[in-house]
Amino acid sequence: MASTQSEGPSPTMRLPKQNLIAVIGTTGVGKSKLSVALARVLNGEVINGDSMQMYRGLDTITNKHPIPERHNIPHNLLGHVTDRSSEYGLPQFEREAAKIVDDIHRRAKVPILVGGTHYYIQSFLIRNMTVASSEPRNLTEEEAKFLDECDTSELFAKLKGVDPLIASKFHPRDRRKLRRALEICWTTGRKASQIYADQKQHGQNQQVDNARYRTLVFWVWSKPEALNPRLHDRVDDMVKKGNLLDEVQEMSELYLNLDPLPDVDRGIWQVIGFKEFLPYIVSGKDEDREKGIQDMKRSTVKYATTQVRWIRRKWLVAAAEAGNDVTTVLLDASDLSQWDEKVEKPATEIAKEFLSGREIHKSLRVPDGLEDMVQPAQEKDNSARPDNWRHFACDICMDDGEKFVCVGEERWKVHLRSRRHRQTLKHINERAAFERWKAARE
Ligand SMILES: [Zn+2]
């Protein structure tokens, strides 16, 4: 951009951003395969961006790419967490990934970040606008530990103390948003609600220089009709070879000895397959084994659906805000017999183009017919409407032993009409009728 001294303070000199390639997409779609292929051609190294694959061992249940298929390409941050009872978290990932990317650049190689934990990848690649613009301090070890380890209810209480307005905006169980807001409050020394309000005033759609690297992202995608049978087969395969159940057995020996038992949605325990097969490991019953298989298939498909939703609602939105430094390219991996023509070859060509400093032409960023996939699916933004931040607790519906909570009147109205609420109400009325009947008999 042209700028002269007379227009204001001279712009800070910036070094050109370093290149980074990332491969994102659902579980079982072929991300690892593509990343190794790219690394071989481009003199690259792979960095793992899947939170479960940070843990050592458990290669089957966490879907680690088999060693022979890694073709001697270095894989960083893979299986480096040895303590399974510890919880690996985002701040740790950001620190470690930044260090490794620097190191790979120093060795004049190309970092290829691959993984399905898309919020790790997004937080790392695209700094949150608010934080980028206010040059915060880093979290202290103690703060990072709190954010990683506290219960969601503690997180909510803490945020409420620091910034009650922003706390009222979020659902008390929305761990990710709560921790992000608290992190912003701590690192900026300001209230997150105030920062958001300032941003609103300065116009929402301004592009901010918030991409950490000049980034090319390959989104490997498959039609669900093609992907889901592959995911089912993978579960059958893991069970048939025996490794999966051995690993669940191994995990359960540690798990069942921990006191109190950790939540199965925290740390390594949330890996798909563990909670599904734990009943079988304990009971040894065939029916529990069968149920484990069905449940694991269902969880895997559900996870893949969530991953695509994340990419469309979060990644594409953030990438658009980050401007020209971030380019997302969609690759169609629906038909594995066309992997070379539709995935590997185009990705390799595009990556070379990118590394030579050129912009990727729009027509190359999405295969014909899939244009709709890359339209960012904006989430409804309620942040400009404080009237919509009110919390409504339902007196009859429970959420893990606590009253079910809705944020905003619109959602509350939807809840009152929901099947869930009506069923609960019906149940209570039936119960009351029964009690009256019983009392009348006595
Ligand atoms: Zn209700």
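Throughout what follows, the structure given in this document is the object of discussion.

What counts and what doesn't
- Residues numbered from 1 in each chain as written.
- Predicted model: local features only at pLDDT ≥ 70, side-chain atom pairs only at ≥ 80, totals over all residues.
- Heavy atoms only, no water.
- Donors = N, O, S within 2.8 Å, 3.2 Å for Na, K, Ca; no water.
- Tetrahedral: all angles 85-135°; square planar, octahedral: opposite > 155°, others 65-115°.
- Pairing = 2+ DSSP bridges.
- Helix = DSSP H or I, 4+ residues; strand = E, 2+ residues; numbered from the N terminus.
- Contact = heavy atoms within 4.5 Å.
- Axes fitted to C-alpha atoms, helices over the stretch in contact; angles between N-to-C directions.
- Phe/Tyr/Trp six-rings, centres within 6.5 Å; stacked < 30°, edge-to-face > 60°.
- Buried < 20%, exposed > 50% of the residue type's maximum accessible area, 1.4 Å probe, protein only.
- Lys NZ or Arg CZ within 6 Å of the ring centre and 35° of its normal.
- Expected span 1.5 Å × (residues − 1).
- Core = buried A, V, L, I, M, F, W, Y, C linked by side-chain atoms within 4.5 Å.
- Domains from an automatic or database assignment.
- Salt bridge = Lys/Arg side-chain N within 4 Å of Asp/Glu carboxyl O.
- Parallel < 35°, antiparallel > 145°, perpendicular 65-115°, else oblique.
- Left-handed = near helix turned anticlockwise from the far one by under 90°.
- Nonpolar A, V, L, I, M, F, W, Y, C, P; charged D, E, K, R; others polar.

1. Observations concerning the coordination of the zinc ion
Part 1: At this site the zinc ion is bound by C394 (SG), C397 (SG), H415 (NE2) and H421 (ND1), with donor distances of 2.0 to 2.3 Å.
Part 2: Viewed at the metal, the four donor atoms of the zinc ion are separated by angles of 105 to 113 degrees, and the geometry they form is tetrahedral.
Part 3: For the zinc ion, the donor residues sit on a single chain with the sequence spacing C-x2-C-x17-H-x5-H.

2. Considerations on the sheet that holds strand β5 (residues 214-221)
Part 1: Across the sheet, which stays open at both edges, the six strands sit in the order β3-β2-β4-β1-β5-β6 with parallel pairing between neighbours. Lying at the two open borders of the sheet, with one neighbouring strand each, are β3 (75-76) and β6 (326-332).
Part 2: Alignment of strand β2 (residues 44-48) against β3, held across two bridges, turns out to be parallel. Bridge pairing in β3 links V46 to H75.
Part 3: Across the sheet, helix α3 (residues 118-125) lies against β1 (19-25), β4 (110-114) and β5, angled at about 155 degrees from β1, the strand it touches most.

3. Some details on the packing of aromatic side chains
How two aromatic rings sit relative to each other is set out by the distance from centre to centre and by the angle between their planes.
Part 1: Within the structure shown, the criterion is met by eleven aromatic pairs.
Part 2: A ring pair is formed by Y88 and Y120, whose centres lie 6.3 Å apart and whose planes are at 45 degrees; its orientation type is tilted. Remark: Y120 occurs in helix α3 and Y88 occurs in the loop between β3 and α2 (90-106); sequence separation between them is 32 residues.
Part 3: Classification of Y88 as buried rests on a relative accessible area of 7%.
Part 4: Its relative accessible area of 2% is what places Y120 among the buried residues.
Part 5: Residues F93 and F124 carry aromatic rings whose centres are separated by 5.9 Å and whose planes lie at 75 degrees to one another, so their mutual orientation is edge-to-face. A residue pair is termed long-range when its members are at least 10 positions apart, and F93 in helix α2 and F124 in helix α3 qualify at 31 residues.
Part 6: A relative accessible area of 0% places F124 in the buried class.
Part 7: Grouped by ring-pair contacts, the aromatic residues Y88, F93, Y119, Y120, F124, Y213 and W310 constitute a single cluster.
Part 8: Sitting over the ring of Y119, R176 keeps its end group 4.0 Å from the ring centre.

4. Observations regarding the environment of T424
Part 1: Note that T424 resides in helix α16 (residues 419-441).
Part 2: Distance from T424 to C397, taken between C-alpha atoms, is 6.6 Å for residues 27 residues apart in sequence.
Part 3: Sequence-distant contacts of T424, that is, excluding residues within four places in its chain, are made with I396 and C397.

5. Notes on helix α1 (residues 31-42)
Part 1: The terminal C-alpha atoms of α1 lie 16 Å apart, and with twelve residues this matches the ideal 16 Å at 1.5 Å per residue to within 8%.
Part 2: Three or more residues of α1 are buried, namely K31, L34, S35, V36, A37, L38, A39 and L42.
Part 3: Note on α1: the residue one or two positions beyond its end, N43, has a positive phi of about 60 degrees.

6. Here's the deal with the nonpolar core
One recurring pattern in soluble globular proteins is that nonpolar side chains are buried together.
Part 1: Of all hydrophobic cores here, the largest spans 61 residues; its most connected members are F93, L113, F124, L125, W219, F274 and W315.
Part 2: Taken together, domain 1 (16-224 + 303-374) and domain 2 (231-290) each give at least three residues to this core, which thus spans both.
Part 3: Sequence-distant contacts of F93, defined by excluding residues within four places in its chain, comprise N48, G49, M54, L77, Y88, L113, Y120, I121 and F124.
Part 4: Counting residues in hydrophobic clusters, the runner-up holds 30 residues, among them V23, A39, A347 and A351.

7. Structural notes on the pairing of β5
Part 1: Within β5, eight of the eight residues are buried, which leaves it mostly tucked inside the rest of the structure.
Part 2: The alternating pattern of β5 places R214, L216, F218 and V220 and T215, V217, W219 and W221 on opposite faces, both of which are buried.
Part 3: Where β1 and β5 come together, seven bridges link them in parallel fashion. Paired with V23 across the two strands is F218, which belongs to β5.

8. Focus on the pattern of salt bridges
Part 1: Enumeration according to the criterion identifies 19 salt bridges in this entry.
Part 2: The salt bridge partner of K17 is D325, with a shortest N-O separation of 2.8 Å. Of this pair, K17 sits in the segment before β1 while D325 is found in the loop between α13 (286-322) and β6, placing the two residues 308 residues apart along the sequence.
Part 3: Residue K17 is classed as partly exposed on the basis of its relative accessible area, which comes to 26%.
Part 4: What makes D325 partly exposed here is its relative accessible area of 23%.
Part 5: For the salt bridge of E359 with R365, the shortest nitrogen-to-oxygen distance reads 3.6 Å.
Part 6: Sharing partners across several salt bridges, the network here consists of E45, D103, R107 and K109.

9. So, the packing of helix α12 (residues 274-283) against α13
Part 1: Viewed as axis vectors pointing N to C, α12 and α13 meet at an angle of 170 degrees, and their least axial separation amounts to 7 Å. One finds that α12 runs roughly antiparallel with respect to α13. Where α12 crosses over α13, the handedness of that crossing is left-handed. Counting all contacts with α12, which are made through E276, F277, P279, Y280 and S283, the residues of α13 involved are D288, R289, G292, I293, D295, M296 and S299.

10. A few points about the packing of helix α10 (residues 224-240) against α13
Part 1: At a minimum axis distance of 9 Å, the contact between α10 and α13 shows a crossing angle of 140 degrees. In terms of axis orientation, α10 runs oblique to α13. For the pair α10 and α13, the crossing hand works out as right-handed. Where α10 abuts α13, its residues L227, N228, L231, H232, R234, V235, D236, M238 and V239 lie against R289, I293, M296, K297, T300, V301 and A304.
Part 2: Classifying every residue of the contact of α10 with α13 gives nine nonpolar, three polar and four charged.

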